[in-house]
Amino acid sequence: MTTYTYTKSQALFQRAAKVIPCGIYGHFSPVCLCPPTDYPFYISRAKGARFWDIDGNEFIDYMCAYGPMILGYQNEIIDNAAKNQSELSDCVTGPAPVMVELAEYLVDLIPIADWAYFAKNGGDVTSLSLMVARDATHKKKIVLIKGGYHGVAPWAQTSLHHGTIEEDHEHIIRIPWNDIQAFEVAIERYPNDIAAFMATPYHHPVYADNEMPNENYWQTIEALCQKHNIMLIVDDVRCGFRLDIKGSHEYFKFQPDMICFSKAIGNGYPISALVGTESLKKSVANVFYTGTYWFSAVAMAASLAVLQEMKKIDATSMMIEKGRQLTRGLVDIAKTYGFDLKVSGSLSMPYIRITNDDTQMLHQAWCAECTKRGAYFTPHHNWFISTAHTDMDIQQTLDIANEAFQAVNANY
Ligand code: PMP
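Quantities reported herein were computed from a predicted structural model and do not represent experimental measurements. (Residues numbered from 1 in each chain as written. Predicted model: local features only at pLDDT ≥ 70, side-chain atom pairs only at ≥ 80, totals over all residues. Heavy atoms only, no water.)

Before going further, it helps to examine the site of the ligand. Taken together, Asn121, Gly122, Gly123, Tyr149, His150, Gly151, Thr200, His204, Asp235, Val237, Arg238 and Lys263 are the residues near the ligand. Between the ligand and the protein, one listed contact pairs a nitrogen atom with a backbone N or O atom of Tyr149 at 3.2 Å. Residue Lys263 places a side-chain N or O atom 3.1 Å away from a nitrogen atom belonging to the ligand. With the chains in place, 84% of the 390 Å² that the ligand exposes on its own is no longer accessible. (Near = heavy atom within 4 Å. Polar contact = N/O pair within 3.5 Å; in protein donor to acceptor, adjacent residues only side chain to side chain. Areas by Shrake-Rupley, 256 points an atom, 1.4 Å probe, with all protein chains shown as cover.)

If you want it as structure tokens, here you go:
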């Protein structure tokens, strides 16, 4: 296999750096890729589970746009639903009827949901859920998990980040994942002041193995929340629909008060949703929260089609099975070179790490060697599987991985 070069990507990045801060900012920034010279920066088109960069290189995409792509790029069913709505209306002076249909569908689909509220990004609804919890409980403090990610609002960042001030974190308490005792200590310390406990369904930090909840973790958290009138919020922005179509709390068998969705709910069309229980409907109505594009009907029509299609094809089981096929194959190939590949998190969005080297440099090198041959892997973040990944994609990925192991083995 010849390895890719990225002459056009790199030239465009130089141009970008003159007019765009960091050239590419945020989670797509090349600083997250190691070494950045082994990765494409600009994408010209995408179809199914693949994308093509501006140098003409073809990739099997295991990041799925960092989660939104779940049914394949340019999925005809979803794009037709969006096109049909766009021929009627999109961003007008009031909402389209599809907004009600989407809310009804979510309320039917998600067992705890009695209402749905729509926005654009995951961070819009994680922030909204905290305002709702504070309004409902008349309390201030929020308990989060250390290393958990909920967006870029000042409260969600760490106190070290530029542009945030100490006061942004005044009412945020961070406790370790899977640590019930730490939650009990927080409750004891602030007996009447904790409005909400927010966490992802399982712990999926960057640069670290992902961790499932211990047995009875969620059930104990739920009981403590109920006892102390603390709103239990699941941030399902990343895991949503990749563990259970009805919400990840169904997979782990507990009952939150609110759930935040985004990413996969639109298959790339920009939309997020907060859903919650009847008792919080008054509070969510009290809170003033809106945005210029939040009523865009096209994304709502796309989202409705995404939910219907995922249910019809049992997308979640498909992705878990494809993830099993991929990770099994990778682990077996790694073994033949004497490497130990550790897989953590859900098989539909696995975090993979070569354990032979504590510095992670070997793992970074292997991910880069795979990417240069057409299997786009990041070393620091969980990957994503979609229903569009075919058996052929997975076989080709395993062939690429094999060659990449040969390449890193030669230098290890
Ligand atoms: N919560 C989780 C668990 C996420 O993974 C993300 C995005 N990576 C967010 C919230 C924030 O979503 P957004 O970037 O759409 O605001």
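Moving on, we come to the sheet that holds strand E8 (residues 231-235). The strand order across the open sheet formed by seven strands is E4-E10-E9-E8-E7-E5-E6, and the pairing between neighbours is mixed. The outermost strands of the open sheet, each flanked by one partner alone, are strand E4 (115-119) and strand E6 (172-175). The average undirected angle you get between the axes of adjacent strands in this sheet is 20°. As paired elements, E4 and strand E10 (residues 272-276) share five bridges and run antiparallel to each other. Counterpart to Trp115 in the pairing with E10 is Gly276. Along the sheet, helix H3 (residues 98-109) contacts E4 and E10; its crossing angle with E4, the most-contacted strand, is approximately 130°. Lying over the sheet, helix H6 (residues 217-227) contacts strand E5 (141-145), strand E7 (194-199) and E8, oriented at roughly 165° with respect to E7. (Pairing = 2+ DSSP bridges. Helix = DSSP H or I, 4+ residues; strand = E, 2+ residues; numbered from the N terminus. Axes fitted to C-alpha atoms, helices over the stretch in contact; angles between N-to-C directions. Contact = heavy atoms within 4.5 Å.)

In the segment running from Cys34 into Pro35, the intervening peptide bond is cis, with an omega of -10°. If you trace the backbone, Pro35 turns up in the loop between helix H1 (7-19) and strand E1 (43-47). With a phi angle near 45°, Asn267 is a residue other than glycine that sits in the positive phi range. Inspection of the secondary structure puts Asn267 in the loop between strand E9 (258-261) and E10.

This part is about the sheet that holds E1. Backbone hydrogen bonds are what pair the strands of a sheet, in a parallel or an antiparallel way. Taken together, the four strands give an open sheet; going across it, the order is E1-E2-E3-E13, and neighbouring strands pair in mixed fashion. Every interior strand has two partners, whereas the edge strands, E1 and strand E13 (375-376), have only one. Looking at chain direction, E1 and strand E2 (residues 50-53) are connected through four bridges and run antiparallel. In the sheet register, Arg45 faces E2, and the bridge partner there is Trp52.

Our next topic: helix H9 (residues 297-313). In an α-helix, one turn spans 3.6 residues, which is why side chains three or four residues apart end up on the same side. With 17 residues, H9 ought to run about 24 Å at 1.5 Å a step, and its terminal C-alpha atoms sit 24 Å apart, in line with that. Along H9, 13 of the 17 residues are buried, which leaves the element largely enclosed by surrounding structure. One or two steps after H9, the chain reaches Asp314, where phi turns positive at roughly 50°. (Expected span 1.5 Å × (residues − 1). Buried < 20%, exposed > 50% of the residue type's maximum accessible area, 1.4 Å probe, protein only.)

Turning next to the domain arrangement of the protein chain. Accessible area lost when the parts come together is the quantity often used to give the size of an interface. Examined at the domain level, the protein chain breaks down into domain 1 (7-62 + 315-411) and domain 2 (76-313). If you average the C-alpha positions of domain 1 and of domain 2, the two centres end up 28 Å apart. Taken together, the contact pairs 21 residues of domain 1 with 17 residues of domain 2. For the pair domain 1 and domain 2, the two sides together bury roughly 1,700 Å², of which 54% comes from carbon and sulfur. Here domain 1 and domain 2 share two salt bridges between them. Of the charged contacts in the structure, one is a salt bridge between Arg353 and Asp209, with a shortest N-O distance of 2.7 Å. Every element with two or more residues in the side of domain 1 that touches domain 2 is listed here: helix H10 (315-336), strand E11 (341-344) and strand E12 (351-354). Per element, the largest residue contribution to the side of domain 1 that touches domain 2 is five residues, and it comes from H10. (Domains from an automatic or database assignment. Buried area = accessible area lost by both parts, 1.4 Å probe. Salt bridge = Lys/Arg side-chain N within 4 Å of Asp/Glu carboxyl O.)

Here we come to a nonpolar patch on the surface. On the surface, a cluster of nonpolar side chains totalling about 330 Å² of accessible area is made up of Val19, Ile20 and Tyr25. Mapped onto the secondary structure, Tyr25 falls in the loop between H1 and E1. For Tyr25, a relative accessible area of 56% puts it in the exposed group. (Patch = residues over 30% accessible without salt bridge, like charges linked within 9 Å, V, L, I, M, F, W, Y side chains within 5 Å.)

Moving on, we get to the side chain of Lys372. Within the secondary structure, Lys372 sits in the loop between helix H11 (361-371) and E13. When residues no more than four places from it in sequence are discounted, the contact partners of Lys372 are Thr2, Thr3, Tyr4, Tyr6 and Asp38.

Here the focus is the nonpolar core. Residues Phe183, Phe197, Trp218, Trp366 and Trp383 are the most contacted members of the largest nonpolar core, which totals 105 residues. Counting residues per element, this core draws most heavily on H9, at eleven residues. Here this core spans two domains, and each of domain 1 (7-62 + 315-411) and domain 2 (76-313) adds at least three residues to it. Counting residues in each nonpolar core, the second largest holds 26 residues, with Leu130, Ile142, Ile172 and Val237 among its members. (Core = buried A, V, L, I, M, F, W, Y, C linked by side-chain atoms within 4.5 Å.)

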